[in-house]
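The residues making up each chain are set out below.
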Amino acid sequence: MQDTAAIRHDWTEDEVRALFELPFNDLLFRAQTVHRQHFDPNEVQVSTLLSIKTGACPEDCKYCPQSGHYNTGLEKERLMQVEKVLEKARAAKASGSTRFCMGAAWKHPAEKDMPYVIEMVKGVKALGLETCMTLGMLDQDKAGRLAEAGLDYYNHNLDTSPEFYDKIITTRSYQDRLDTLHHVRESGMKICSGGILGMGETATDRIGLLRQLANLPQHPESVPINMLVKVKGTPLENAEDLDRFDFIRTIAVARIMMPASHVRLSAGREQMSDEMQAMTFFAGANSIFYGECLLTTPNPETHRDLQLFRRLGINPEQRISDADDTQEQAIMRDLQAEQDSARFYEA
Ligand code: SF4
């Protein structure tokens, strides 16, 4: 029998289509079976995301409120001061995050900004948090300098299939994105890369996106699957609603194709019911952003996440790399407080 949880890099379009076309229950069962071979099914990894430079981005990503090409009323902010970033990182750590992700709306980091960004990486790392950044395109030199500073992960999404890509972004190419991923990998950092569903792409485009990710020489360690947040003022503000089952199916197929990667529920979680989130966890999603804001779109309140974790018997994933378990304890404390308040209401 074929090992269904094997790590492969040669997925064909037909094979992936066949997964998408499985009856829903068969697909979820298979995804859950694969998931259990690589992960504790009752653990979810928790990260916090901070926008360190907001808005006025020269790129024209049609889904993005931070693009300078669209008027979304978003307040622009300059690069945040290093100390301010560290303050936020301390708060994230105290509230239970194990990874701190910093995002800047840039085409690529400018040379003048590199020293600040490097200080941020060093400072966050010194707090005992895993570090992640998303700063746009990177060449080999900048990737190397960030890796040297201690950056663990670099996020750079492929967004969609190569075929649909130019309907969404015209200011940089798919190959530019692949080149950045290559530089990140060469420098020894881990990759966080995924895409967005609900932008008007076809089922074939979703297959194309997952094939691009899974057929990279090494799977991204984190695969964020976003559901479009339709922001007023962006060209996609009136995009058709995504069938929620298509979203869950995509999570399940991602889990099967990249069995050892963390599949992350990212933007769009605010629009998901608790039941839908639970189903995505069953389909193999095992990472979320925790906190109130996902760059510039709302994220379910921390409190609601804790309640959901408690109701589902989910625990935050333990860190392997660091003996410091303060974060773990903080979430567990909050979960306990949740349980206590639940008992109060039951009384
Ligand atoms: S997604 Fe990133 S690169 Fe694209 S416009 Fe938004 S901030 Fe800029």
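Rules of the game
Residues numbered from 1 in each chain as written. Predicted model: local features only at pLDDT ≥ 70, side-chain atom pairs only at ≥ 80, totals over all residues. Helix = DSSP H or I, 4+ residues; strand = E, 2+ residues; numbered from the N terminus. Buried ≥ 20, exposed ≤ 12 C-beta atoms within 10 Å, placed from the backbone. Contact = placed C-beta atoms within 7 Å. Pairing = 2+ DSSP bridges. Right-handed = clockwise from strand over helix to strand, strands pointing away. Core = buried A, V, L, I, M, F, W, Y, C linked by C-beta atoms within 7 Å. Near = placed C-beta within 6 Å. Nonpolar A, V, L, I, M, F, W, Y, C, P; charged D, E, K, R; others polar. UniProt positions renumbered as here; feature names shortened; annotations may be inferred. Expected span 1.5 Å × (residues − 1). Arc of directions from axis to C-beta.

Draft legend 1. Structural view of the overall build of the protein. When helices and strands are tallied, the protein shows eleven helices and twelve strands. Taken over 347 residues, the protein has a buried fraction of 47%. Long-range pairs, those at least 24 residues apart, make up 80% of the contacts in the protein with a sequence separation of at least 6.

Draft legend 2. Seen up close, the pairing of strand 1 (residues 43-53). Most of strand 1 sits inside the fold, with ten of its eleven residues counted as buried. Relative to strand 9 (residues 285-289), strand 1 runs parallel, the two sharing three bridges. In the strand pairing of strand 9, Val46 is matched with Ile288. Bridge count between strand 1 and strand 2 (residues 99-104): six bridges; the pairing is parallel. Paired with Ser51 across the bridge in strand 2 is Gly103. Each parallel crossover has a hand, and for strand 1 linked through helix 3 (residues 82-94) to strand 2 it is right-handed.

Draft legend 3. Main features of unusual backbone geometry. If you check the backbone angles, Ala56 has positive phi at about 55° while not being a glycine. Residue classification places Ala56 among the partly exposed residues on the basis of 14 C-beta atoms within 10 Å. At Asp159, a residue that is not glycine, the phi angle is positive and equals roughly 75°. Considering the arrangement of structural elements, one finds Asp159 in the loop between strand 4 (153-155) and helix 6 (174-186).

Draft legend 4. Local environment of the environment of Gln271. Mapped onto the fold, Gln271 is located in the loop between strand 8 (262-265) and helix 9 (274-283). Taking the C-alpha atoms as reference points, Gln271 and Leu228, separated by 43 residues in sequence, lie 9.7 Å from one another.

Draft legend 5. Structural view of the nonpolar core. Counting 85 residues, the largest nonpolar core has Tyr154, Leu210, Ile251, Ala252, Ala254 and Met257 as the members making the most contacts within it. Sort the elements by how many residues they give to this core and helix 8 (residues 244-257) lands first, with eight residues. When near neighbours in sequence (up to four residues on either side) are disregarded, Leu210 contacts Val16, Val253, Ala254 and Met257.

Draft legend 6. How the structure looks around the site of the ligand. Close to the ligand lie Cys57, Glu59, Cys61, Cys64, Gln66, Ser67, Ala105 and Gly136. Class assignment for the residues of the shell around the ligand results in four nonpolar, three polar and one charged.

Draft legend 7. Region of the structure containing the UniProt feature "binding site: [2Fe-2S] cluster" (unreviewed entry) in the protein. Look at the UniProt record and you will see "binding site: [2Fe-2S] cluster" (unreviewed entry) annotated at Cys101, Cys132, Cys192 and Arg264. These annotated residues cover 164 residues of sequence, and their C-alpha atoms all fall within 14.0 Å of one another, placing them together at a single site. Positionally, Cys101 belongs in strand 2. The buried category is assigned to Cys101, around which 27 C-beta atoms lie within 10 Å. Looking at the secondary structure, you find Cys192 in strand 5 (residues 190-192). A count of 28 C-beta atoms within 10 Å places Cys192 in the buried class.

Draft legend 8. Representation of helix 3 in the model. Taking 1.5 Å per residue, 13 residues should reach 18 Å; helix 3 reaches 18 Å between its end C-alpha atoms and fits that length. The complete set of buried residues in helix 3 reads Val85, Ala89, Ala92 and Lys93. The arc that holds every buried residue of helix 3, seen down its axis, measures 95°, which confines them to one face. Exposed residues lying more than 90 degrees from the buried face of helix 3 are Glu83, Lys84, Glu87 and Ala94. Phi turns positive, to about 110°, at Gly96, one or two residues after helix 3.

Draft legend 9. View of the environment of Leu181. Structurally, Leu181 can be placed in helix 6. The exposure class assigned to Leu181 is buried, which follows from the 24 C-beta atoms found within 10 Å. When the C-alpha atoms of Leu181 and Ser193 are compared, they prove to be 8.4 Å apart, with twelve residues separating the residues in sequence. Discounting chain neighbours no more than four positions away, the residues touching Leu181 are His156, Ile191, Ser193 and Leu216.

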